[in-house]
Amino acid sequence: MIDTTVFQNKTAVYYTLGCKLNFSETSTIGKILREAGVRTARKGEKADICVVNTCSVTEMADKKCRQAIHRLVKQHPGAFVVVTGCYAQLKPGDVAKIKGVDVVLGAEQKGDLLQYLGDLHKHEEGEAFTTTTKDIRSFSPSCSRGDRTRFFLKVQDGCDYFCSYCTIPFARGRSRNGTVASMVEQARQAAAEGGKEIVLTGYFGKTTGETFFDLVKALDQVEGIERYRISSIEPNLLTDEIIEFVSRSRRFMPHFHIPLQSGCDEVLKLMRRRYDTALFASKVKKIKEVMPDAFIGVDVIVGTRGETEEYFEQAYQFISGLDVTQLHVFSYSERPGTQALKIDYVVSPEEKHQRSQRLLTLSDEKTRAFYTRHIGQTMQVLMEKSKAGTPMHGFTANYIRVEVENDESLDNQMINVRLGEFNEDMTALKGTILMNYEV
């Protein structure tokens, strides 16, 4: 039994790097600490506990993690510093050596956080716990929102793909998930807490024999949740029946995020991806046939080993011809222990940058064209809390970012908004709230 009295009146700060899965897990850690009596530190307040949830998808991500840890240690002298996430799992020794770190928390130990914090007084200052494990098998449920309006529901963890450039299977283990029933129960709990939108993280299905489609159908029946978003799903797992179901569903939004990684078949083979460009194009075509206004986000990696200039041009032309909305562009970063290191052709940093900029420009063109088509329309927007003195923002069903005048009473409210012109930095459309806005 953990004595939670030691946590009363303690404060904590949280810093998350990386994917939506990390944000979901940080929110769950925050919930664990809040229930033990720890409150989130106010801006400028020195915290007793610092939690850093790390990413290790690139070398730059590792660097940002180290910088974040150093910064928090400096900002909160004397705080207990907990580091978790992929960087902590892959390089626990390196993290433990960082001055000020007290706990290096492994992939399966997040639920034991209170125990580790409670034991800290037994150890000498400067001696960090290292609690990572090489055998990651369990699935830790997570459905939390933290400071966000939207909830993030972890439906799957780990990966079996072993793409040539990626370390995720080493950081998070093999693919695993909870049951459909357990996911439904977490969605019901989110609804009971006032949640209206849930983002699904992961593609589900291996551990229990149930399918992602089974999960989608079951979640669609949960009363109180008005919106679901499928945050990322592999193109070879996005079936036509899922696409068609989303097109008919009131709760699943016309919004997909599908990793492409390269628009060149030769590079996809080098990456050890499980599809080709023809399959990817067919998925985009199917979505647009049944949901013409669907938002489609796409992940792309540039400058991977083996991506010659000719291969990149093929990829650029393919992506240019896709009816997608936004590109998330990543420059390839070499990761120790990956099979990609065996590929001879290496792209220079300068060439990676140029290729990345070309794709980012293409992404801006596609996103702005998509937004422009909706100017003048009236759409429902779920508003999110914003900082004082700044416009409030929210998203339409098809993920158009909308700005309105700040009004705290609108937080987590679904309102009718007429979409106007772009804001100054071209990142959102200005919205006019219509009378009788709550729907």
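Notes on the structure in this doc start here. Going along each chain's sequence as written, the residues are numbered from 1 onward. In keeping with the model being predicted, local features are shown solely for residues with a pLDDT of at least 70 and side-chain atom pairs are shown and tallied solely at 80 or more, while totals for entire chains, interfaces and linings include all residues. No hydrogens and no water enter the side-chain calculation; it runs on all heavy atoms of the structure.

1. Focus: the overall build of the protein
Here is step 1 of the chain: Secondary structure elements are defined from DSSP: runs of H or I of at least 4 residues count as helices, runs of E of at least 2 residues count as strands, and each element is numbered from the N terminus. When helices and strands are tallied, the protein shows 13 helices and 18 strands.
Here is step 2 of the chain: In the protein, which comprises 439 residues, the proportion classed as buried is 53%.
Here is step 3 of the chain: When contacts within the protein are restricted to residue pairs at least 6 apart in sequence, those whose partners lie at least 24 apart make up 72%.
Here is step 4 of the chain: Here the protein has roughly 20,300 Å² of accessible surface; of this, 49% comes from carbon and sulfur atoms. Exposure is judged per residue with a 1.4 Å probe applied to protein chains only, and the accessible area is read against the type maximum: over 50% gives exposed, under 20% gives buried, and values in between give partly exposed. Here, two residues are considered to be in contact whenever any of their heavy atoms come within 4.5 Å of each other. The protein chains shown are the only cover counted for residues, whose accessible areas, like all others here, come from Shrake-Rupley with a 1.4 Å probe.

2. A few points about the environment of Gly78
Here is step 1 of the chain: The residue Gly78 is located in the loop between helix H2 (59–75) and strand S4 (80–85) in this model.
Here is step 2 of the chain: We classify Gly78 as exposed; its relative accessible area is 77%.
Here is step 3 of the chain: Distance in space between the C-alpha atoms of Gly78 and Ile49 is 8.9 Å, their sequence separation being 29 residues.

3. Observations regarding the packing of aromatic side chains
Here is step 1 of the chain: Between the rings of Phe, Tyr and Trp (Trp by its six-membered ring), a pair exists once the centres lie within 6.5 Å; its type follows the angle of the planes, with under 30 degrees stacked, over 60 edge-to-face, and the other angles tilted. This model, assessed by the stated rule, comprises 8 aromatic pairs.
Here is step 2 of the chain: Relative to Phe280, the ring of Tyr275 lies with its centre 6.5 Å away and its plane at 40°, an arrangement referred to as tilted.
Here is step 3 of the chain: Here Tyr371 and Phe422 contribute two aromatic rings whose centre-to-centre distance is 6.0 Å and whose plane-to-plane angle is 10°, an arrangement assigned as stacked. One end of the pair, Tyr371, is in helix H13 (residues 349–372); the other, Phe422, is in strand S17 (residues 414–422), with 51 residues separating them in the sequence. An identical accessibility class is assigned to Tyr371 and Phe422; each is buried.
Here is step 4 of the chain: These aromatic residues form a ring-pair network of at least three members: Phe295, Phe370, Phe395 and Tyr399.
Here is step 5 of the chain: We count a charge as sitting over a ring when the NZ of a lysine or the CZ of an arginine lies within 6 Å of the ring centre and within 35 degrees of the ring normal. When the ring centre of Tyr161 is taken as origin, the NZ or CZ atom of Arg274, which lies over that ring, is 4.1 Å away.
Here is step 6 of the chain: Seen from the ring of Tyr316, Arg358 lies directly overhead, with NZ or CZ sitting 4.2 Å from the centre.

4. Points about unusual backbone geometry
Here is step 1 of the chain: With a phi close to 75°, Gln261 is a non-glycine residue in the positive phi region.
Here is step 2 of the chain: Its place among the elements puts Gln261 in strand S11 (residues 252–261).

5. Quick word on the environment of Lys286
Here is step 1 of the chain: Along the chain, the position of Lys286 falls in helix H11 (residues 277–290).
Here is step 2 of the chain: Spatially, the C-alpha atom of Lys286 lies 8.7 Å from that of Glu244, the residues being 42 residues apart in sequence.
Here is step 3 of the chain: Polar contacts here mean pairs of N or O atoms no more than 3.5 Å apart (in protein, one a potential hydrogen donor and the other a potential acceptor; neighbouring residues in sequence count only if both atoms are side-chain atoms). Among the polar contacts made by the side chain of Lys286, one reaches the side chain of Glu244 at a distance of 2.8 Å.

6. Structural notes on the pattern of salt bridges
Here is step 1 of the chain: A pair is scored as a salt bridge if a Lys or Arg side-chain nitrogen falls within 4 Å of a carboxyl oxygen belonging to Asp or Glu. Per the counting criterion, the structure on display carries 17 salt bridges.
Here is step 2 of the chain: We note a salt bridge from Arg39 to Glu45, for which the minimum N-O separation is 2.6 Å.
Here is step 3 of the chain: Note on Arg39: relative accessible area 33%, which makes it partly exposed.
Here is step 4 of the chain: You can call Glu45 partly exposed: its relative accessible area is 21%.
Here is step 5 of the chain: A salt bridge links Arg229 to Glu197; the shortest N-O distance between them is 2.8 Å. One end of the pair, Arg229, is in strand S10 (residues 227–230); the other, Glu197, is in strand S9 (residues 197–201), with 32 residues separating them in the sequence.
Here is step 6 of the chain: The buried category is assigned to Arg229, whose relative accessible area is 2%.
Here is step 7 of the chain: For Glu197, a relative accessible area of 2% translates into the label buried.

7. Regarding the side chain of Asn398
Here is step 1 of the chain: Within the fold, Asn398 resides in the loop between strand S15 (392–395) and strand S16 (401–404).
Here is step 2 of the chain: For Asn398, a relative accessible area of 3% gives the class buried.

8. So, the pairing of S9
Here is step 1 of the chain: Across the 5 residues that make up S9, a large majority, 5, are buried.
Here is step 2 of the chain: Alternating residues of S9 divide into Glu197, Val199 and Thr201 and Ile198 and Leu200, and every residue in both groups is buried.
Here is step 3 of the chain: Strands are labelled as partners when DSSP assigns at least two bridges between them. Bridge count for strand S8 (residues 151–154) against S9 is 4 bridges, and the pairing is parallel. When the sheet's bridge partners are listed, Phe152 is paired in S9 with Val199.

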